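Spelled out from the first residue to the last, the chains are:
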Amino acid sequence: MKRILVVTKHYKDNESGGGAQKSIELLVSKLSERFHIEVLCKSTKESVEWVHKLSFSFFKKIKSFDIIYLNSFFSPLTILFLCFNKVKIISPKGELFDGALKSKTLKKQIWLKIFNTLFKGKFIFHATSLDEKKSIEKKTYPKRIIIAPDIIELNLSKEKPSENKTLKVVHISRIDQKKNLLFCINILSNVKRQICFDIYGDIGDKKYFDKCMSGLRKLPANINWNYLGQLKPNQVNNTFLEYDLFFFPTLGENFGYVILESLSNYCSLLLSKGTTIFDDLDKYDIGSNLKLNEKPLKWVNYIENFNSIKGDKDLLKFKNYLYNKFNVSKIIQSNNNLINEVLKQ
């Protein structure tokens, strides 16, 4: 059985990691049926013999692996492991999209220049979509790019969502420029209906967070807002069940696990158009996609006229959407093919 080492900053760490952590956990889980996989990370709550915390003693084992899979382009761990002479896959997980490059821009541009100078044409990249493939080609000089979608699980909630008298709008995500919370605040400042607006997320950019807090304090009295801090991963599903609308005008997502979690818990979405793979919400009547450069009035009008959908027939729309969009067994097979293709190199 071929041996794969997955290198990632977090692994099954309940406090950190976001969507990139979920994707790597599922990749390890599903591909372990065909390959021997071990994980090396900086933080984990897992205590099994094949998950290792970073230590100098572990480097003696690296020669025993056939492939090193690097779960990030900009992580210091990735930069460290590029020095080892092993077959490597670099999986940027959306880090090379234009929206993602808007934060910590200088550091990222410096590393891109160094990488393209020293490692031109040397590494295989894992892209999870055609759009990500294009972003990788635009920013780097890969040896090859192989497309395999992020592995997911479809687990629709067996619980019914709350029925609320007042429209409950939620924003669940890391608070930084890419997630675009300030856009939400600016739109809500022009909404006239009574709304409860709750925000959950860790503070990724303190200056941006302060701007958001300043904007929230200026919202009119009909917008009852709360910043409620960071959710633990096991709290996200039940939290979405309490809300009517997930307002998420993101600048760009590699996959957007939080979007999948929203839909799996029957929470409609108001989502930016052209920034995620979930660009067809209107077709199933489970939300809407609007362009970020659209007139603000269109965003305002959608919220003003939004009716929460909670009946059994309405909830079935979410199930139909997800099962029509994703063939999980086919996605797993494409990730198996990714590893097999790299092994041929």
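On a predicted model such as this, the values are computed, not experimentally measured, just so you know. (Residues numbered from 1 in each chain as written. Predicted model: local features only at pLDDT ≥ 70, side-chain atom pairs only at ≥ 80, totals over all residues. Heavy atoms only, no water.)

Chemist: I keep staring at a nonpolar patch on the surface and nothing clicks. Help me out?
Modeler: On the surface, L106, I110, I114 and L118 cluster together into a nonpolar patch covering about 390 Å² of accessible area. With respect to the element layout, I110 can be found in helix 3 (residues 105-118). We classify I110 as partly exposed; its relative accessible area is 44%. (Patch = residues over 30% accessible without salt bridge, like charges linked within 9 Å, V, L, I, M, F, W, Y side chains within 5 Å. Areas by Shrake-Rupley, 256 points an atom, 1.4 Å probe, with all protein chains shown as cover. Salt bridge = Lys/Arg side-chain N within 4 Å of Asp/Glu carboxyl O. Helix = DSSP H or I, 4+ residues; strand = E, 2+ residues; numbered from the N terminus. Buried < 20%, exposed > 50% of the residue type's maximum accessible area, 1.4 Å probe, protein only.)

Chemist: Explain the sheet that holds strand 12 (residues 268-272) to me, please; I cannot follow it from the model alone.
Modeler: With respect to topology, six strands assemble into an open sheet ordered 10-9-8-11-12-13, the strand pairing being parallel. Every interior strand has two partners, whereas the edge strands, strand 10 (223-227) and strand 13 (287-290), have only one. Here the strands of the sheet are splayed against their neighbours by 20° on average, with no regard to which way each runs. Where strand 9 (residues 195-200) meets strand 10, five bridges bridge the pair, whose relative direction is parallel. (Pairing = 2+ DSSP bridges. Axes fitted to C-alpha atoms, helices over the stretch in contact; angles between N-to-C directions.)

Chemist: I'm lost on the layout of surface pockets in this one. Help?
Modeler: Unfilled space is identified by rolling a water-sized probe across the atoms. Put simply, the second largest pocket is a space of about 370 Å³. Surrounding the second largest pocket, 19 residues form its lining, F97, D98, L251, G274 and T275 being those nearest its centre. Looking at the lining of the second largest pocket residue by residue, the classes come out as four nonpolar, eight polar and seven charged. (1 Å grid on protein atoms, 1.4 Å probe; cavity = no way out; pocket = protein on both sides within 12 Å on 5 of 7 lines; lining within 4 Å. Points joined across faces, edges and corners; volume = space filled by probe spheres on them. Nonpolar A, V, L, I, M, F, W, Y, C, P; charged D, E, K, R; others polar.)

Chemist: For this particular structure, what's the right way to read empty space enclosed by the protein?
Modeler: For the coordinates displayed, the defined rule picks out one cavity of 30 Å³ or more. Size it by volume and the largest cavity reaches roughly 40 Å³. As for the largest cavity, its lining consists of S23, I24, L27, Y69, K93, H126, D150, I151 and N335. If you tally residues by element for the lining of the largest cavity, the top one is helix 1 (residues 18-31), at three residues.

Chemist: Mind showing me how you'd approach the pairing of strand 9 here?
Modeler: Side chains on a regular strand alternate between the two faces of the sheet. When you tally the buried positions in strand 9, you get six out of six residues, the bulk of the element. On strand 9, burial covers both faces: I195, F197 and I199 on one face and C196, D198 and Y200 on the other are all buried. Note: strand 8 (residues 167-172) against strand 9, six bridges, orientation parallel. Bridge pairing links I172 to Y200 in strand 9. Each parallel crossover has a hand, and the one from strand 8 via helix 5 (residues 181-188) to strand 9 is right-handed. With respect to chirality, the unit in which strand 9 leads through helix 6 (residues 206-217) into the neighbouring parallel strand 10 is right-handed. (Right-handed = clockwise from strand over helix to strand, strands pointing away.)

Chemist: Help me out: how do you make sense of the environment of P92 in this one?
Modeler: Topologically, P92 is positioned in the loop between strand 5 (87-90) and helix 3. Sequence separation of P92 and E132 is 40 residues, and the distance between their C-alpha atoms is 8.8 Å. Setting aside chain neighbours within four positions, we find P92 in contact with S72, F73, F125, H126, E132 and I136. (Contact = heavy atoms within 4.5 Å.)

Chemist: Would you explain the nonpolar core in this entry?
Modeler: Side chains of a nonpolar character, in soluble globular proteins, are inclined to be buried together. Formed by 57 residues in total, the largest nonpolar core has its most connected members in V6, L263, F278 and F326. Setting aside its immediate chain neighbours within four residues, V6 contacts I24, L27, V28, I37, E38, V39, L40 and Y69. Core analysis: the next-biggest nonpolar cluster, separate from the first, contains 28 residues, I175, L270, I303 and F306 among them. (Core = buried A, V, L, I, M, F, W, Y, C linked by side-chain atoms within 4.5 Å.)

Chemist: Sorry if this is basic, but what is going on with the pattern of salt bridges here?
Modeler: When the charged atoms of two side chains lie near each other, side chains of opposite charge can form a pair. Enumeration according to the criterion identifies 18 salt bridges in this entry. Between D202 and R174 there is a salt bridge, and its shortest N-O distance comes to 3.4 Å. Within this pair, whereas D202 is found in the loop between strand 9 and helix 6, its partner R174 is found in the loop between strand 8 and helix 5, the two being separated by 28 residues in sequence. One network of salt bridges, with partners in common, ties together R3, E38 and K61.

Chemist: It is not clear to me how the state of the cysteines should be interpreted in this structure. Could you clarify?
Modeler: Every disulfide links exactly two cysteines, by a covalent bond between their sulfur atoms. Taken as a whole and judged by the stated rule, the model has zero disulfides. Just so you know, C196 is unpaired, no disulfide at all, and the nearest cysteine sulfur is the one on C267, 12 Å from it. A residue is classified by how much of its surface remains accessible, and C267, at 0% relative accessible area, is buried. (Disulfide = S-S within 2.5 Å.)

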